[in-house]
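Coordinate inspection notes
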Amino acid sequence: QPVTGEVRVHKIDGDTGASLAGADFELWRETNNTPGLQTIGINPDTHVSDCTTPASGVCTATTVPGTYYWRETEAPDGYDLPDPNVFGPLTLTEDNAEDGVEVEAVNCKTPVPPVTGSLTLDKTDAKNGEPLPGAVFELWRESNDVPGLQTGGANPDTLADAGCSTDQDGQCTFDDLPLGEYYLREIAVPEGYVLPANPVSGPYEVTEENSEEGVTVELANHRGEPCKGKDCKDDTHKAARG
């Protein structure tokens with residue numbers, strides 16, 4: 001009877017050290033006398049077997065003495081394929097055949113991108129509902145734990161976008177927003193319209209639940225000639241109410 005022994009690979013989580021099931025491996029024997037593993041070309045090494053790690057995380061092959069490599073071809077769900085994905089060489093001899101030889105293959109979890117959402121503004125004419133292009137808005141994120149929007153002082157909220165102008169459909173979209181509360185501040189209006197008495201609206205909450213569909217906000221502007229002089233504030237209030 002020829003001497004045989006086990007060649008093993010143990011798949012583990014890089015953070016916790018826990019055994020991982022579901023990794024696909026190929027076992028290769030060194031046969032072309034070229035250092036390292038060659039799986040293609042005119043004279044590759046020899047493919048011995050395939051294995052998917054079970055709950056124990058260990059793939060085992062019983063084989064004759066020689067030099068071997070394990071090559072991971074598919075990582076478990078939620079993990080990245082390591083680079084390099086070849087583990088070895090493992091040298092099985094008559095002396096160590098009884099115990100076998102083993103190598104650890106470490107996988108790290110695939111980074112999960114943070115959940116983000118979006119906020120879309122629909123700007124319309126307050127009288128006829130027609131879309132208004134050319135309205136400019138800042139987007140602020142609530143970050144100082146003080147109710148309402150603070151844009152100045154020692155501890156203001158965070159300016160998330162310095163300005164977005166509504167398009168021909170009267171829309172302006174802010175994408176890739178971290179979860180949280182946001183305020184819109186109107187800083188410019190289309191020609192022939194006036195700023196509302198309070199140009200700040202919100203807060204609007206971007207949550208994990210609405211992250212996929214996004215948050216839609218509808219705001220309207222009133223027509224009116226831009227006011228001048230000392231009565232500007234009073235005229236703007238009247239136009240906003242009217």
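In case you missed it, the structure is sitting above this.
Attention in this report is confined to the structure presented alongside it. Just so you know, these numbers come straight off a predicted model, no measurement behind them.

Turning next to the sheet that holds strand S8 (residues 116-125). Strand order in the open sheet formed by 4 strands is S11-S8-S15-S13, and the pairing between neighbours is mixed. Edge positions in the open sheet fall to strand S11 (171-178) and strand S13 (193-194), since each of these has one partner strand only. In terms of strand pairing, S13 meets strand S15 (residues 215-223) through 2 bridges, oriented antiparallel. Paired with Val194 across the bridge in S15 is His222.

This next bit is on unusual backbone geometry. For the bond running from Gly88 to Pro89, omega is 10°, close enough to zero to count as cis. By secondary structure assignment, the location of Pro89 is in strand S6 (residues 86-92). A cis geometry characterises the amide bond from Gly202 onward to Pro203, with omega recorded as 10°. Tracing the backbone shows Pro203 in strand S14 (residues 200-206). One non-glycine residue with positive phi stands out, namely Asp145, at about 60°. Note that Asp145 resides in the loop between strand S9 (136-141) and strand S10 (158-165). Even without being glycine, Asp176 reaches a positive phi, approximately 55°. Looking at where Asp176 falls in the secondary structure, it is placed in strand S11.

Here we take up the pattern of salt bridges. Per the counting criterion, the structure on display carries 7 salt bridges. Residues Glu6 and Arg8 are paired through a salt bridge, measuring 2.9 Å at the closest nitrogen-oxygen approach. For Arg8, a relative accessible area of 15% gives the class buried. A salt bridge links Arg185 to Glu138; its shortest N-O distance comes to 2.9 Å. Here Arg185, found in strand S12 (residues 180-188), pairs with Glu138, found in strand S9; they are 47 residues apart in sequence, far enough to count as distant. Connected via shared salt-bridge partners are Glu6, Arg8 and Glu102.

Turning next to the nonpolar core. If you look at the biggest cluster of nonpolar residues, it comprises 17 residues, and the most contacted ones within it are Val7, Val9, Phe25 and Trp70. Elements supplying a minimum of two residues to this core: strand S1 (5-13), strand S2 (24-29), strand S4 (58-63), strand S5 (66-74), S6 and strand S7 (101-107). Grouped together as the second largest cluster of nonpolar side chains are 15 residues, Leu121, Phe137, Phe174 and Tyr182 included.

A few words now on the packing of aromatic side chains. Counting across every chain of the model gives 2 aromatic pairs. Ring geometry for Phe25 and Trp70: centres 6.1 Å apart, planes at 85°, overall edge-to-face. You can see Phe25 sitting in strand S2 and its partner Trp70 sitting in strand S5, a full 45 residues away along the chain. For the pair formed by Phe25 and Trp70, the shared burial category is buried. By way of ring pairs, the aromatic residues Phe25, Trp70 and Phe87 are connected into one cluster.

The rules behind each value
Residues numbered from 1 in each chain as written. Predicted model: local features only at pLDDT ≥ 70, side-chain atom pairs only at ≥ 80, totals over all residues. Heavy atoms only, no water. Pairing = 2+ DSSP bridges. Helix = DSSP H or I, 4+ residues; strand = E, 2+ residues; numbered from the N terminus. Salt bridge = Lys/Arg side-chain N within 4 Å of Asp/Glu carboxyl O. Buried < 20%, exposed > 50% of the residue type's maximum accessible area, 1.4 Å probe, protein only. Core = buried A, V, L, I, M, F, W, Y, C linked by side-chain atoms within 4.5 Å. Phe/Tyr/Trp six-rings, centres within 6.5 Å; stacked < 30°, edge-to-face > 60°.

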